[in-house]
Structures are given as C-alpha cells and as structure tokens.
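Now for the letters of each chain:
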Amino acid sequence: MRRKVFSTIIGCFLAIAVVVGNGLATNDTLHDSIYNPGHLKPVDSSLNVAVGEPAPDFSLPSIAGRKITLSQYRGKKKVVLSFVPAAWTPVCSDQWPGYNISRKYFDDHNAILIGITVDNIPTLHAWVRQMGSLWFDVLSDFWPHGRVADAYGVLRSDGTAERALFFIDTKGIIRDIVVSDINVRPPLETVVAKLAAMP
Amino acid sequence: MRFIVLHLVLVASFFPSLIVPLVQAAEKAASSKPLPDIVLEIPENPRHKEYLGLAGKNGTDFSIRDIDADILVIELFSMYCPYCQKEAPAVNELYARMREISKNGPVVKIIGLGVANSQFEIDHFRDTYKIAFPLFADEDKKMFKALAGEGTPTFIGCRLKDGERPVIVLRQNGGFASSATFLQELIDKGGAHQ
C-alpha cells in the first residue's frame, strides 16, 4: 500500500515536471544554436570579377538533392547570388529568412535567388530546416572547398565566404556586386534597388 | 530500498525540466522596473497617430510615455527573424483582442520596434503580415538596448498611468501560447482589472 502511495506521488511529480517544462520551454532553438564568432575583419578577400564581366559558371549541389548550374538560367532568369559566411552564425541566420518573405521583389524583376555557403550539405540541411522552408535553392560550395567563392573572389582567408551579393542579368553578365561588411546585413532596400536597376 | 532509490533517480533525471521553466517563469514575473524614456517620431499615418492618441506634428518627437493607454505592449521584432514572422498572425490576433477589450475595459495598446531594421524593412514586414498597429524602425538598436532586449520576438508590457512613473510589468521572451491568456496576464500584472 505504501509503495502504491509513494509511486502515485512520484508519478504526479513527474507529470507536473513534464507539463510545466514543456509549457514554458522557449521555442528559440535557432537563436540558442547560433555560434557567435564576435566582431570579424569586415572584408578579407579581393574580388576576382567585375561589373560587366561574364559571371563564372558553376555547378553545385543543393540541399534539395539537385545539382544547380548557373548557366541553366541564361536567357530565362536574372540571378542574384547570395554568399553568406557560414551556417549557424548570427547575421547569416537572419539574412535568408528575410529574403524568404521577400520573394515578390525577385518575381517582379524575373529574377531568382541562389544562396551559397562553404558548408557541407548536412550542415546546411540542418541549418536551413531551422529557418522554416525557403523558396530559393541553397547550394553547398564545400568541396573542393570554396572553389566558387574563390572564383568570384569572396573566399576569406579562414575558409569562410564574404557576405556578398552578385546581380547577374539574363545574358550571364554581372551587373552589380555588393560585398558587405561581414558583421552587417545589407539592407533589403539595397537588394530591391539593385534588382530594379538590372537591365 | 532499491524501489525508493529507483524512484529518486527518476525524479532527479526530470529535475532540469522542472527547474529551468521555474527560473524562466520567475524572470517573466520579475518585479516592476521603470520604463526607460523612449523617444519616437509621430507617425504620418493618421490611423496610427489617432491610435496612439498623439496630437503633435507628424515627424516630431514624442515620448512613449505619452501614448494614450493604461497598458502598452512593446514588441521587439525583426523582419529577418523567422520566429517573428511565425508569430506575426498571433500578434495580429492579440492586437484585435486589445481593440475589443479597450472598448469597455482598460485601454491596452501595442507598438512594434523593428530591431536593426530600416524603415523599408519594417514597411515590408507590415505589408507582408497586414499589421495594423504602429511599427517603428530601431535601426541602430538604441531602443533595443535601452529596453535591455536580448532577442526577438520579445514582448514588454508596461503600465502607463497618469501621474505615476511608467513601469515594466511583464517581459516575455519568445512567442506566447495564447493571445487571450497573454492579454489577461497583461491586464492582471498591469493592475488594470476589469
């Protein structure tokens, strides 16, 4: 009998712990998982391309399991390449969720967005899943490490990429380049203005 | 004896899930702190101006303490924050409940501060989620820092009573489970019982 009473008390205690625990637990898993590297050197590479030049072609695997080739959009869509430094870091983890609710600006200008980092596919998969579901492709420039970032001149000396945007027209020509301070997100209006300015 | 030890081990294994939320709850119920004096620009939108009860010229400064409300909620958000995006419909629901309850009860209002967001970005957030209450850009995070913000979304409930120093009565880090419960909690903590 005493065992029964004791078990009941313990059972109630555990039930309360689980209910209270689940009810009040924070939902901030993405924020909690972010690694803060502190303030970094704003720009740590030199561009290998310039406005008016053809954008270097590439094929990279996407987290959706496809291979995306830049030239597949030639004659069809304008392309915005968004390089971000690394998964699970502070500014990067916000930038693409912002673009995720900004699709209309890309659609309005017959453009698509492609996100690229030098992380591997499993890391990108886990990171992007935390953001929800993105409407644009996310590509891994992991191996050979940072080859595409290097071709554009946005591979930093520590193996991460710059926070950079390349605006490419339907002929495959680079029309604008924005290499931001790595510690700062480029404002959305900059992206929208550059999209509108592309011929 | 083994039976008791087994049960004690079980309890110990669940201890963190009980203790951590209790600490969080304690933070949420932290005692009232003075509301820092936040200065914003009077919005150009006449509906927002009327909602806040402001009479000055558009574009001139006003203190957050001048807002015509018994209880004010300040939402710290970012257009870029996926949790703020997800929470936006629930916040709209909270705003609708506030409008309703303010007709006959305490006047409860809400404003949003877009942390590290430009005016363009908060306008885009407003348009995307059809937000009817006033949003202000906190581009340099000055207000976020003054309010000791730690992340987004954060909801700060303040009591604004005539003749009394405005105080923070509630701080909710992260989303709320139910707009009705959250509103009731605000009213209770704001000392404005119906």
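Preceding block: the structure.
Along each chain, the written sequence defines residue order, and numbers are assigned to residues from 1. Whichever chain is written first is A, and whichever ligand is written first is 1; the rest continue in order. A pLDDT threshold of at least 70 governs which residues receive local features in this predicted model, and a stricter bar of 80 or more applies before side-chain atom pairs are shown or counted, although totals over entire chains, interfaces and linings include all residues.

Secondary structure counts use DSSP, requiring at least four H or I residues in a row for a helix and at least two E residues in a row for a strand, with both numbered from the N terminus. Check the secondary structure of chain A and you find 7 helices and 7 strands. Start at the N end of chain A and walk to the C end: the helices and strands fall as α-α-β-β-β-α-α-β-α-β-α-β-β-α. Once C-beta atoms are placed from the backbone, each residue is buried if 20 or more other C-beta atoms lie within 10 Å of its own, exposed if 12 or fewer, and partly exposed for counts between those two. Counting all 199 residues of chain A, 34% fall into the buried class. Two residues qualify as a contact pair if the distance between their C-beta atoms, derived from the backbone, is within 7 Å. For chain A, long-range pairs separated by at least 24 residues make up 70% of all intrachain contacts whose partners lie at least 6 apart in sequence.

What follows deals with the sheet that holds strand E1 (residues 33-34) of chain B. Residue and element names in this part refer to chain B. Across the sheet, 6 strands lie side by side as E1-E8-E7-E4-E5-E6; this open sheet has mixed pairing. Two strands lie at the open edges of the sheet, namely E1 and strand E6 (135-138), each paired on one side alone. Where strand E4 (residues 71-77) meets strand E5 (residues 108-115), 7 bridges bridge the pair, whose relative direction is parallel. For leucine 72, the partnering residue across the bridge sits in E5 and is lysine 109. To define axes, lines are fitted to C-alpha atoms, for helices over the stretch in contact only, and angles between the resulting N-to-C directions are given on a 0 to 180 degree scale. In the packing of helix H3 (residues 82-102) onto the sheet, the strands contacted are E4 and E5, and the crossing angle to E5 comes to about 155°. Helix-sheet contacts for helix H6 (residues 179-189) involve E4, E5, strand E7 (154-159) and strand E8 (167-173), and the interaxial angle to E8 is about 155°. One requirement defines pairing of two strands: DSSP has to find at least two bridges between them.

Let's shift gears to H3(B). All names here are of chain B. One fewer than the residue count of a helix, multiplied by 1.5 Å, yields its expected span. The end-to-end C-alpha distance of H3 is 30 Å, a good match for the 30 Å that 21 residues give at a rise of 1.5 Å each. A maximum bend of about 45° is found in H3 at alanine 88, where proline proline 89 lies one to four positions downstream. What H3 keeps buried is the set Pro82, Tyr83, Cys84, Gln85, Glu87, Ala88, Val91, Leu94, Tyr95 and Met98. Bend is computed residue by residue as the angle between axes fitted to the seven residues ending at the residue and the seven residues starting at it.

Next up on the list: the packing of H3(B) against H6(B). Residue and element names in this part refer to chain B. In contact at an axis separation of 9 Å, H3 and H6 are set at 50° when each is read in the N-to-C sense. When the axis of H3 is compared with that of H6, the two are oblique. The element H3 and its partner H6 pack so that their crossing is right-handed. Residues Ala90, Glu93, Leu94, Arg97, Met98 and Ile101 of H3 pack against Ser179, Ala180, Phe182 and Leu183 of H6. Taken together, the residues of the contact of H3 with H6 break down into 7 nonpolar, 1 polar and 2 charged. Here the word oblique covers every angle except those under 35 degrees (roughly parallel), over 145 (roughly antiparallel) and from 65 to 115 (roughly perpendicular). Take the far helix as the reference: if the near one is turned anticlockwise from it by less than a right angle, the crossing is left-handed, and if turned clockwise, right-handed. Under the scheme applied here, ten amino acids are nonpolar (Ala, Val, Leu, Ile, Met, Phe, Trp, Tyr, Cys and Pro), four are charged (Asp, Glu, Lys and Arg), and all others, including Gly, are polar.

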